[in-house]
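# Fold and contact review
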Amino acid sequence: MVTEQTIFYGIIIFMWMETIWGLYLSLRQRRIYKKAVEVPSELKEIVNKETFDKARIYGLDRNNFSMVKEVIGGVSTTALLMLDGLFYFWVLSGSMITSMNLEKGEILQSAAFILVMNTFNFIMSIPFNIYDVFVLEEKHGFNKQTMGFFIKDKIKGYIVTHLIVLPLTCGIVWIVKVGGDYFFIYLWLFAILATLFLLTIYPDYIAPLFDKYTPLPDGELKTRIEQLAASIHFPLYKLYVVEGSKRSIHSNAYFYGFFKNKRIVLFDTLLKDYTPTNDKSKDKETKEEDKKGCDNEEVLAVLGHELGHWKLNHMIKNIIIMQINMFLLFVAFGFLFKYEVLYNAFGFYDEQPVLIGLTVVLQFIFSPYHALLNFFTTSLSRRFEFQADAFAKGMGKALYLRRALIKLNQDNLGFPVYDWLFSMWHHSHPPLLERLKALEKSD
Ligand SMILES: [Zn+2]
């Protein structure tokens, strides 16, 4: 018979195993940041000493920060669980409902619980966020946020998240309560519908609340992107530039949308010759070689890579994996959630709220499974990146894609030397050198 102690300490022990593993990997990578002071010979033509040094110091700073965060995160979660935090937050949610003169029911209390839990996590994360943006990123020249923008952005994020999450929570709890023996099937259908709905409204109604999306102005770049899309029958519907430079100058590009309504979004920081409407720092006086971003040929090569993801159905494959995974989790939850001992382990003796069952099973009991799944999807993502690169190469864009990758790595101060184990565990994109080598190979 599994006792509540076994479950509780099993969860805590696994959590610390994961934390120690993360720290071990970070220490391995940290040794590389410390040791690799000279530019390795195979990188001599790719990166100069100055950028290499800057990237090394930046990497080291981020590495230290992530280790501190990891330890504090582990300690605070352990403390929360040891002190029966979930139980007290649940009780607090109950009194919130009664104090507002509302009728206390499980669905409403679950929504209040989410609000209390998230608010607690939100407050706990603020010091880390402030340090990250205004100390760390600021020091390395990446931060473009003012304190006013930061505060407004966080509050907006908090409100929008809860407008979405609270109704979803109520829906989930309700389905489990009334769904009968096969509730997991309804729960799964509900999750699919909710995902599709959010994917549909996100670009038009949610993303614009946080960033400014402007149509790419007419000109050579626009015409050539349209030609590129047409050449492989990509149903390009609209082309946007997002002014990501209000937050940070890390750069990127992506596409989204269902069926015949595909949109491509380019970060303004990807484009060398684009000046954000509200930013005067990137004006014409900057010397040509100091300008950040890619020229048109390079941008087209990056898009060749992105279109590769589309042509090879990488998005759809990822969505299918996610849905299968979700179904399995819900089936497992359907078996486990009636075991009283799971609730006892977290201080619940008189009641077994659905939401607590979900949290315990999906977040804690399944954390070894999540760790494995994460490892699997990260390696899959690296494979997809190589395939998309190969696709761009097939379009005759190998040379410019190489140049773009080098340029973007420089702009983002990516450090090109990695510990293999750290990289295998964490990187959803293959390291720069491996990508360049694969692009070079003649077939
Ligand atoms: Zn990619």
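Here the structure is a predicted model, which is why all the values come from computation and not from measurement.

### Quick word on the UniProt feature "transmembrane region" (unreviewed entry) in the chain
Under the UniProt annotation, the feature "transmembrane region" (unreviewed entry) is placed at residues 6-25, 71-91, 111-136, 157-176, 182-202, 319-339 and 354-376. Helix and strand shares over residues 157-176 are 100% and 0% respectively, and the end C-alpha atoms of the span are 28 Å apart.

### Some remarks on the side chain of Arg 28
By secondary structure assignment, the location of Arg 28 is in helix H1 (residues 4-35). What makes Arg 28 buried here is its relative accessible area of 19%. Ignoring sequence-local partners within four residues, the contact set of Arg 28 consists of Asp 419, Trp 420 and Leu 421.

### Things to note about the coordination of the zinc ion
Taken together, His 305 (NE2), His 309 (NE2), Glu 385 (OE) and Glu 385 (OE) make up the protein donors of the zinc ion, found 2.1 to 2.7 Å from the metal. Taken together, the four donor atoms coordinating the zinc ion and their angles of 53 to 133° define a geometry best described as irregular. In primary sequence terms, the donor set of the zinc ion follows H-x3-H-x75-E. Taken together, the residues span about one helical turn, with His 305 and His 309 both in helix H8 (residues 296-311) at a distance of four residues. This pair shows no difference in class: His 305 is buried, exactly as His 309 is.

### A closer look at the packing of helix H6 (residues 183-210) against helix H9 (residues 314-336)
As a packed pair, H6 and H9 sit with axes 9 Å apart at the nearest point and diverge in direction by 145°. Relative to H9, the crossing made by H6 is right-handed. Residue-level contacts link Phe 183, Phe 184, Leu 187, Trp 188, Ala 191, Ile 192, Thr 195 and Leu 199 of H6 to Ile 319, Met 322, Gln 323, Met 326, Phe 327, Phe 330, Val 331, Phe 333 and Gly 334 of H9. A class-by-class count of the residues in the contact of H6 with H9 yields 14 nonpolar, three polar and no charged.

### With respect to H6
Residues separated by three or four positions in an α-helix point in the same direction, a consequence of the helix having 3.6 residues per turn. In the structure, H6 departs most strongly from a straight axis at Tyr 202, where the bend amounts to approximately 70° and where the proline Pro 203 lies between one and four residues downstream. Every buried residue of H6 is accounted for by Phe 183, Phe 184, Leu 187, Ala 191, Ala 194, Pro 203, Ile 206, Ala 207 and Phe 210. As for H6, its buried residues are in contact with helix H5 (147-178), strand E1 (213-215), strand E3 (253-256) and H9.

### Examining the UniProt feature "binding site: Zn(2+)" (unreviewed entry) in the chain
Mapped onto this numbering, the UniProt entry gives "binding site: Zn(2+)" (unreviewed entry) at His 305, His 309 and Glu 385. Separation in sequence by 81 residues is not matched in space for these annotated residues, since their most distant C-alpha atoms are only 8.2 Å apart. Once residues lying within four places of it in the same chain are set aside, the contact partners of His 305 are Glu 385, Ala 388, Asp 389, Ala 392, Leu 401 and Arg 435. When neighbours within four sequence positions are excluded, His 309 is seen to be in contact with Phe 255, His 314, Met 315, Phe 384, Glu 385 and Ala 388.

### What to know about the packing of aromatic side chains
Any aromatic ring pair is given by two values, namely how distant the centres are and how the planes are angled relative to each other. All chains considered together, the criterion is met by 30 aromatic pairs. Where Phe 52 meets Phe 415, the ring centres are 4.9 Å apart and the plane angle is 45°; that geometry is what we call tilted. With Phe 52 in helix H2 (residues 49-82) and Phe 415 in the loop between helix H13 (398-411) and helix H14 (420-426), this residue pair connects regions lying 363 residues apart in the sequence. One exposure class covers both Phe 52 and Phe 415, and it is buried. The interplanar angle of 55° and the centroid separation of 5.1 Å between the aromatic rings of Phe 89 and Phe 120 together place this pair among those described as tilted. With Phe 89 in helix H3 (residues 85-99) and Phe 120 in helix H4 (residues 106-139), this pair connects stretches of sequence that are 31 residues apart.

### Let's talk about helix H15 (residues 432-440)
The complete set of buried residues in H15 reads Leu 432, Leu 433, Arg 435, Leu 436 and Leu 439. Taken down its axis, H15 places every buried residue within 165° of arc, on the same side. Against H8, helix H12 (367-394) and H13 lie the buried residues of H15.

### Topic: the sheet that holds E1
Ordered by their spatial adjacency, four strands build an open sheet running E1-E2-E4-E3, and the pairing between neighbours is mixed. Each of the sheet's edge strands pairs with one partner strand only, and the pair in question is E1 and E3. This sheet shows a mean twist of 30° between the axes of neighbouring strands, independent of strand direction. One ladder, built from three bridges, connects E1 with strand E2 (residues 236-242); its direction is antiparallel. Paired with Tyr 213 across the two strands is Val 242, which belongs to E2.

### Section: the nonpolar core
One recurring pattern in soluble globular proteins is that nonpolar side chains are buried together. One finds Phe 113, Phe 333 and Phe 346 to be the most contacted residues of the largest nonpolar core, which totals 41 residues. Take this core: its biggest share by element is eight residues, from helix H11 (residues 354-365). When residues no more than four places from it in sequence are discounted, the contact partners of Phe 113 are Leu 86, Phe 89, Trp 90, Ser 93, Leu 355 and Ile 356. Core analysis: the second largest hydrophobic core is formed by 27 residues, Ile 46, Leu 60, Ala 301 and Leu 413 among them.

Rules used throughout
- Residues numbered from 1 in each chain as written.
- Predicted model: local features only at pLDDT ≥ 70, side-chain atom pairs only at ≥ 80, totals over all residues.
- Heavy atoms only, no water.
- UniProt positions renumbered as here; feature names shortened; annotations may be inferred.
- Helix = DSSP H or I, 4+ residues; strand = E, 2+ residues; numbered from the N terminus.
- Buried < 20%, exposed > 50% of the residue type's maximum accessible area, 1.4 Å probe, protein only.
- Contact = heavy atoms within 4.5 Å.
- Donors = N, O, S within 2.8 Å, 3.2 Å for Na, K, Ca; no water.
- Tetrahedral: all angles 85-135°; square planar, octahedral: opposite > 155°, others 65-115°.
- Axes fitted to C-alpha atoms, helices over the stretch in contact; angles between N-to-C directions.
- Left-handed = near helix turned anticlockwise from the far one by under 90°.
- Nonpolar A, V, L, I, M, F, W, Y, C, P; charged D, E, K, R; others polar.
- Bend = angle between axes of the 7 residues up to and from the residue.
- Phe/Tyr/Trp six-rings, centres within 6.5 Å; stacked < 30°, edge-to-face > 60°.
- Arc of directions from axis to C-beta.
- Pairing = 2+ DSSP bridges.
- Core = buried A, V, L, I, M, F, W, Y, C linked by side-chain atoms within 4.5 Å.

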